[in-house]
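Descriptive analysis of the structure
Next come the chains, spelled out residue by residue.
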Amino acid sequence: MSFFLRWLTLPARAPMLILLALISVYLGAHWGLLQADIRSSVADQSLVDEAYWVLSLSQVVIVVSFCTLPELVLRQISLFMAASKALTLVVTLLVVVVGGMYLLYMPGFADLLVLTAALLLARLDLVRLRVWPPAWLGLIGFNVYILLFMTYGHSIHNQLGGMEWFQWLVNLSPSKA
């Protein structure tokens, strides 16, 4: 019972979770506006705008996976690379080249950096409070938490798009389609 009460009062004790929720709503709304721009620039029946939303959400899932499972991910990569020096070289070059190309040409990189920083701060907040769940539960929990607020932001992007303060925030964002 005390564990449940501790999780119930978590947002009051971990303000970074609230910040993470606000950033997720903002990114969902911002990407919704970018998706609307894509929709207006291509044919009406095109699936390009929906592919943009799916790609954005898949990037979020990958970021959450790497931020919530660092010990599992790094341990598996280390075991894989310990097999041979040639394998280590190939994996390292592949990660550096593909990762570098991805980061150089990705228009929404700044958005994902902000999300990553907020996620790592929320994770640190939970670790400080000693309420960090097991690795897989943390992965699923953070994915659901972030995607829920992103979807909410995406669903209200039309209402937010008409507000002057939100337009000012979007104009400050370095990621434009």
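What you are looking at is a predicted structure, and each value in this text was computed from that prediction instead of being measured.

1. Examining the nonpolar core
Formed by 35 residues in total, the largest nonpolar core has its most connected members in Leu 20, Trp 31, Val 60, Leu 115, Phe 142, Ile 146 and Met 150. The set of elements that each furnish at least two residues to this core consists of α3 (15-41), α4 (48-68), α7 (109-128) and α8 (135-155). The element contributing the most residues to this core is α3, with 10 residues. Apart from residues lying up to four places away in sequence, Phe 142 is in contact with Leu 17, Leu 20, Val 64, Thr 68, Leu 119, Ala 122, Arg 123, Leu 126 and Trp 132.

2. Section: the environment of Val 63
On the secondary structure map, Val 63 appears in helix α4. On the accessibility criterion, Val 63 (15% relative accessible area) is buried. It is 9.6 Å that separates the C-alpha atoms of Val 63 and Asn 143, two residues lying 80 residues apart in sequence. Not counting residues within four places of it along the chain, the set of residues in contact with Val 63 comprises Leu 112, Thr 116 and Leu 119.

3. Section: the packing of aromatic side chains
According to the stated counting rule, one finds one aromatic pair in the structure shown. The interplanar angle of 70° and the centroid separation of 5.0 Å between the aromatic rings of Tyr 145 and Phe 149 together place this pair among those described as edge-to-face. With a gap of four residues between them, Tyr 145 and Phe 149 both fall in helix α8, about one helical turn apart. On the basis of relative accessibility, which here comes to 25%, the residue Tyr 145 falls in the partly exposed class. Overall, the relative accessible area of 25% leaves Phe 149 in the partly exposed class.

4. Notes on the packing of α7 against α8
In contact at an axis separation of 12 Å, α7 and α8 are set at 135° when each is read in the N-to-C sense. Our classification of the angle between α7 and α8 gives oblique. You can see that α7 and α8 cross each other, and the crossing is right-handed. Across the interface between the two elements, Leu 115, Leu 119, Ala 122, Arg 123 and Leu 126 from α7 touch Phe 142, Ile 146 and Met 150 from α8. Here the residues of the contact of α7 with α8 are counted per class, giving seven nonpolar, no polar and one charged.

5. Examining the confidence of the model for the protein
Summarising the model, the protein shows a mean pLDDT of 75, and 71% of its residues fall at 70 or more. Per-element averaging of pLDDT across the protein places helix α1 (residues 2-8) at the bottom with 53 and α8 at the top with 88.

What counts, and where the lines are drawn
Residues numbered from 1 in each chain as written. Predicted model: local features only at pLDDT ≥ 70, side-chain atom pairs only at ≥ 80, totals over all residues. Heavy atoms only, no water. Core = buried A, V, L, I, M, F, W, Y, C linked by side-chain atoms within 4.5 Å. Buried < 20%, exposed > 50% of the residue type's maximum accessible area, 1.4 Å probe, protein only. Helix = DSSP H or I, 4+ residues; strand = E, 2+ residues; numbered from the N terminus. Contact = heavy atoms within 4.5 Å. Phe/Tyr/Trp six-rings, centres within 6.5 Å; stacked < 30°, edge-to-face > 60°. Axes fitted to C-alpha atoms, helices over the stretch in contact; angles between N-to-C directions. Parallel < 35°, antiparallel > 145°, perpendicular 65-115°, else oblique. Left-handed = near helix turned anticlockwise from the far one by under 90°. Nonpolar A, V, L, I, M, F, W, Y, C, P; charged D, E, K, R; others polar. pLDDT = per-residue confidence, 0-100.

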